[in-house]
Amino acid sequence: MPKHRQIINIINFIRAIEPRDASIDLLYTTKKQIELMEKYQFSGTFLIQYDALLLPEYQELLKSLDTARYEIGIWYEVVQPLTEACGIEWTGRYPWDWHCHCGFPIGYDLPQREAMIDEFFAKFREVFGYYPRVFGSWLLDTHT
């Protein structure tokens, strides 16, 4: 019987805002994920949401990772800082809102979707020096 290798990619997505429980330290959570991956010598992917991408502490943490073991990409949920960067009115209840009309691209017209994607990719490149090769979301539409 041939030997088979199981391949697992651990994906951690990073948000900077958690309106359901403001006491959660999301930076600490990300640091603990890295600590555990280091301890067990796992490789993986970190997908960063726009709000976290703006924060130097997340930028520095992710830039410090070994690029041979860790991949950095985009976690795409629409957040208030992203809409505001594009001159689009935010209609959510919180700066990150999980409802489709505001938290995902389907809540916006096509030019708005394009503007937000362009902004996110440009900001990612500004921070990391390259465009992301990985892009994830709970909900994507065909245009996006």
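This text goes with the structure placed above it.
Each value, and the rule that gives it
- Residues numbered from 1 in each chain as written.
- Predicted model: local features only at pLDDT ≥ 70, side-chain atom pairs only at ≥ 80, totals over all residues.
- Heavy atoms only, no water.
- Phe/Tyr/Trp six-rings, centres within 6.5 Å; stacked < 30°, edge-to-face > 60°.
- Helix = DSSP H or I, 4+ residues; strand = E, 2+ residues; numbered from the N terminus.
- Buried < 20%, exposed > 50% of the residue type's maximum accessible area, 1.4 Å probe, protein only.
- Polar contact = N/O pair within 3.5 Å; in protein donor to acceptor, adjacent residues only side chain to side chain.
- Pairing = 2+ DSSP bridges.
- Contact = heavy atoms within 4.5 Å.
- Axes fitted to C-alpha atoms, helices over the stretch in contact; angles between N-to-C directions.
- Core = buried A, V, L, I, M, F, W, Y, C linked by side-chain atoms within 4.5 Å.

Counted under the stated rule, the structure contains 15 aromatic pairs. Ring plane angle 85° and centroid distance 5.6 Å describe the contact between Phe-13 and Trp-138, whose orientation is recorded as edge-to-face. Taken together, the positions of Phe-13 in strand β1 (residues 10-14) and Trp-138 in the segment after β4 (135-136) put the pair 125 residues apart, joining distant regions of the chain. Overall, Phe-13 belongs to the partly exposed group, its relative accessible area being 30%.

Moving on, we get to the side chain of Gln-49. Structurally, the position occupied by Gln-49 is in the loop between β2 (44-48) and α2 (50-53). Look at Gln-49 and you get buried, because its relative accessible area is 0%. Side-chain polar atoms of Gln-49 contact the side chain of Asp-51, separated by 3.2 Å.

The next subject is the sheet that holds β4. Read from one edge of the open sheet, four strands run β1-β2-β3-β4, paired in parallel fashion. Strands with a single pairing partner mark the edges of an open sheet, and in this sheet they are β1 and β4. Where β1 meets β2, five bridges bridge the pair, whose relative direction is parallel. Paired with Asn-12 across the bridge in β2 is Phe-46. Helix-sheet contacts for helix α1 (residues 26-39) involve β1, β2 and β3 (70-75), and the interaxial angle to β2 is about 170°. In the packing of helix α3 (residues 56-63) onto the sheet, contacts are made with β1, β2 and β3, and the angle to β2 comes to roughly 160°.

Turning our eyes to something else, we now look at the nonpolar core. Phe-46, Ile-48, Leu-62 and Tyr-76 are the most contacted members of the largest nonpolar core, which has 33 residues in total. Mapped by element, the contributors of at least two residues to this core are α1, β2, α2, α3, β3 and α6 (110-128). Counting residues per element, this core draws most heavily on α6, at six residues. Excluding its chain neighbours within four sequence positions, the residues that come into contact with Phe-46 are Asn-12, Ile-14, Thr-30, Gln-33, Ile-34, Met-37, Leu-62, Leu-65, Tyr-70, Glu-71, Ile-72 and Gly-73.

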